[in-house]
Amino acid sequence: MKCANDDLQCRGNKAVVAAGIYCKAPIERLAKHSVRWTEGTFEIKFSHFQWVDKAASQLTVIGDKVESQNGFGAYSPMIYECDLGSDGKTVLDVRVSEGRLSK
């Protein structure tokens, strides 16, 4: 099913699945040390989405199913964001910060 360019819910539902494929490696490359993904077998890595540029049909997908290792070997939960182009495959930017998304 094709989504209208301005249909956030439809485009977002597709983007969270695609982002698990296209955004994983760019997010991992931001880590100084090891990362480990914590999502379950049937969970998706991205649970939230929003427009980054509605006119251009570009979305930001957001998740918190990863932990990043620090220099002492301890893991901390991280929030990550990935901006996807209108094709739903092109990674425009990625960001990470320490923490968890509020439920």
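What you are looking at is a predicted structure, and each value in this text was computed from that prediction instead of being measured.

If you check the backbone angles, serine 57 has positive phi at about 55° while not being a glycine. Topologically, serine 57 is positioned in the loop between β2 (48-53) and β3 (58-69). You can call serine 57 buried: its relative accessible area is 4%.

It is worth spelling out the state of the cysteines at this point. This structure, assessed with the given rule, holds two disulfides. Covalent S-S linkage joins cysteine 3 and cysteine 10, the inter-sulfur distance amounting to 1.9 Å. Taking the torsion about the S-S bond as the criterion, the cysteine 3 to cysteine 10 disulfide, at about -70°, is left-handed. Residue cysteine 3 shares its accessibility class with cysteine 10, and that shared class is buried. Between the sulfur atoms of cysteine 23 and its disulfide partner cysteine 82 the distance amounts to 1.9 Å. Between cysteine 23 and cysteine 82, the S-S torsion sits near -70°, and that sign places the bridge as left-handed. Of the two residues, cysteine 23 is situated in the loop between α1 (8-22) and α2 (24-29) and cysteine 82 in strand β4 (residues 75-84); the sequence distance between them amounts to 59 residues. We note that cysteine 23, like cysteine 82, is buried.

Conventions and cut-offs
Residues numbered from 1 in each chain as written. Predicted model: local features only at pLDDT ≥ 70, side-chain atom pairs only at ≥ 80, totals over all residues. Heavy atoms only, no water. Helix = DSSP H or I, 4+ residues; strand = E, 2+ residues; numbered from the N terminus. Buried < 20%, exposed > 50% of the residue type's maximum accessible area, 1.4 Å probe, protein only. Disulfide = S-S within 2.5 Å.

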